[in-house]
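Given next are the chains, with one letter for each unit.
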Amino acid sequence: MALYVQKFGGTSVGSVERIKAVAEKVKGFRDQGHQVVVVVSAMSGETNRLTDMAQALNEDPAPREMDMLLSTGEQVTISLLAMALQQIGVPATSHTGAQVGIHTDSAYTKARIQRIETEDLKADLDAGQVVVVAGFQGVDEDGNITTLGRGGSDTTGVALAAALGADECQIYTDVDGVYTTDPRVCSKAQRLTSITVEEMLELASLGSKVLQIRAVEFAGKYNVPLRVLSSFQDGPGTLIVAEANQDEDAMEEPLISGIAFTKNEAKLTLLNTPDVPGVASRILGPIADANIEVDMIVQNVAPAGDYTDFTFTVAKGDYKATKKLLEETVIPDLGGGELRGDDNIAKVSLVGVGMRSHAGVASKMFRVLADENVNIRMVSTSEIKISVVIDEKHMELAVNALHKAFGLDKADIESE
């Protein structure tokens, strides 16, 4: 007998029929003798509907009241799923985040879990119940309902699995696992049987939307086995593990595990800025104060040595605000400089723990892109990642060329 925590997202519970299908899937695990805790999101579209109603009444609603409102979406789903389970003969009890004892700080709309009380939950499991828990929410020390922000239901699932010592946390979604890249962009993308937490964190941070970063971080921190599965078809999914297989008889780890990409970035360059100590702080300080996150940074030294070009990227949604801040605050403070911007860029990234033990990954990546006449505008590297900024129009070409060159295409894999 194993203990599973299973999380189902909004698409998976988007209708009464889909809720019935989830109930049947859960019943299958319980019929095998396993204990099951189910974490669910609000039905797809429900959070947006509630948000629209709130903003129709108040353009800037109080965060506390928004948490009170949005938490009701999951409350609907847990009660419906509990009813569906009971209808097919499975004892089930629904719990809100507060009822199950998920305690958070008081940062409304983006609260962090501080502790989870598991006594009542374990008692229900021992009594043969399937416990259905509302994801995305908790309660602070004053009894106020809080929500966990983006990816909150995934985080709830992993946190409960950690607190309960579950054998596995299963994230059910509308895809059947983690792929080498997005199949919508590369038709030969392959599902990975396993991937390390470290690689998954990089992929999630670089544009892969299969899992939220917070949930993966939680899984890594508390060593929770995490599996991504499809709600709509059977299959083994993708297991996210703490470390790559270190068995002596295991095949050598692949060089690259996945290719991530995003169009959600913009590039800004300050030309002819003084090449003096502190200039980077004078440029980026006001941007940080405006709560704008900077991603990649490149600083060049001009031939004369007196001036430099400073380039960085931000989220595309922050492009106009950053540009205005540079023009009105930073450039006057520096005593001049020319500003150039481009919001038609894409970032493409190779990720793989195999990079640690192999030289030449970057040079091969650059050669492949050069052969496709794709110009590289910026480069960023880490131990297991290489990212390049290119023109947005070349993104799909670059992803497909790199996918083939690094042996990730199905045909290449099958021929080995």
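Small disclaimer: the values here were computed from a predicted structure and weren't measured.

Student: Report on the UniProt feature "binding site: substrate" (unreviewed entry) in the chain, specifying residues and quantitative values.
Tutor: Taking the UniProt record as the reference, the feature "binding site: substrate" (unreviewed entry) is found at Thr47 and Glu74. For the residues just named, distributed over 28 residues, the greatest C-alpha separation is only 9.0 Å, placing them together at one site. Here Thr47 lies in helix α2 (residues 46-57). Take Thr47: its relative accessible area is 27%, and that puts it in the partly exposed class. When residues no more than four places from it in sequence are discounted, the contact partners of Thr47 are Ala42 and Leu70. The residues contacting Glu74, other than those within four sequence positions of it, are Val40, Ser41, Ala42, Ala134, Gly135, Phe136, Gln137 and Ser153.

Student: Break down the UniProt feature "binding site: ATP" (unreviewed entry) in the chain for me, with residues and values.
Tutor: Look at the UniProt record and you will see "binding site: ATP" (unreviewed entry) annotated at Lys7, Phe8, Gly9, Gly10, Thr173, Asp174, Tyr179, Arg184, Lys209 and Val210. These annotated residues cover 204 residues of sequence, and their C-alpha atoms reach 24.4 Å apart at the extremes, leaving them scattered rather than at a single site. Within the secondary structure, Asp174 is located in the loop between β9 (168-173) and β10 (194-196). For Asp174, the residues in contact, after removing those within four places along its chain, are Thr11 and Phe232. Polar contacts involving the side chain of Asp174 include one to the side chain of Thr173, which spans 3.1 Å.

Student: Which residues make up the sheet that holds strand β19 (residues 378-382), and what values do they have?
Tutor: Taken in spatial order, the four strands line up as β13-β18-β20-β19 in an open sheet, and their pairing is antiparallel. The open sheet has two edge strands, β13 (258-262) and β19, and neither has a second partner. Geometrically, the sheet is characterised by an average inter-axis angle of 20° between neighbouring strands, direction not taken into account. Here strand β18 (residues 345-351) runs beside strand β20 (residues 385-391); their pairing, made up of seven bridges, is antiparallel. Bridge assignment links Leu350 to a residue of β20, and that residue is Ile386. Running at roughly 20° to β20, helix α11 (residues 361-371) makes contact with β18, β19 and β20 of the sheet.

The rules we used
As a convention, each chain's residues are numbered from 1 in the sequence order in which they are written. Given that this is a predicted model, residues contribute local features only at a pLDDT of at least 70 and side-chain atom pairs are listed and counted only at 80 or more, while totals for whole chains, interfaces and linings are drawn from all residues. Side-chain calculation: all heavy atoms of the structure are included, whereas hydrogens and water are not. UniProt positions are given in the numbering used here, feature names are shortened, and annotations may be inferred rather than shown by experiment. Only DSSP runs of H or I with at least four residues qualify as helices, and only runs of E with at least two residues qualify as strands; both kinds are numbered from the N terminus onward. Think of it in three bands: with a 1.4 Å probe and only protein chains considered, a residue is buried below 20% of the maximum accessible area for its type, exposed above 50%, and partly exposed in between. Contact criterion: two residues are considered in contact whenever any of their non-hydrogen atoms come within 4.5 Å of each other. Here a polar contact is taken to be a pair of N or O atoms separated by no more than 3.5 Å, where protein atoms must pair a possible hydrogen donor with a possible acceptor and residues adjacent in sequence count only if both atoms sit in side chains. Two strands pair if DSSP finds at least two bridges between them. All axes here are fitted lines through C-alpha atoms, helices being fitted over the stretch that makes contact, and every angle between N-to-C directions spans 0 to 180 degrees.

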